[in-house]
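Summary of structural features
Below, each chain spelled out in residue letters.
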Amino acid sequence: MLFPFVLPAYKATYLKEVILSILWQTYTNLELVIVNDASPKYLDSILNEFDNDRILKE
């Protein structure tokens, strides 16, 4: 069973740590959908660090 996880991203402070925490779960059949929640920060620089098929960037 595929487990979708939606992550609204607004602050860049702990974004990388949050993404890594989700990806390091023991249950690996998941899909991480990251949605920019109208952040005033440029989050793409953090998101582009990840090349993972389980991450969808919206």
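Scroll up to find the structure this text is about.
The structure contained in this document is the topic of the report that follows. Since we're looking at a predicted model, the values are computed, not measured.

**Quick notes on the pairing of strand S2 (residues 30-36)**
Across seven bridges, the pairing between strand S1 (residues 3-9) and S2 is parallel. In the sheet register, Pro 4 faces S2, and the bridge partner there is Glu 31. Assessed by its sense of winding, the connection that carries the chain from S1 through helix H1 (residues 15-23) to S2 is right-handed.

**Quick notes on the nonpolar core**
Formed by 14 residues in total, the largest nonpolar core has its most connected members in Leu 7, Leu 15, Ile 19, Leu 32, Ile 34 and Ile 55. Those elements that provide at least two residues to this core are S1, H1, S2 and helix H2 (44-47). The contact partners of Ile 19, leaving out residues within four places of it in the chain, are Leu 7, Leu 32, Ile 34, Leu 47, Phe 50 and Ile 55.

The rules behind each value
Residues numbered from 1 in each chain as written. Predicted model: local features only at pLDDT ≥ 70, side-chain atom pairs only at ≥ 80, totals over all residues. Heavy atoms only, no water. Pairing = 2+ DSSP bridges. Helix = DSSP H or I, 4+ residues; strand = E, 2+ residues; numbered from the N terminus. Right-handed = clockwise from strand over helix to strand, strands pointing away. Core = buried A, V, L, I, M, F, W, Y, C linked by side-chain atoms within 4.5 Å. Buried < 20%, exposed > 50% of the residue type's maximum accessible area, 1.4 Å probe, protein only. Contact = heavy atoms within 4.5 Å.

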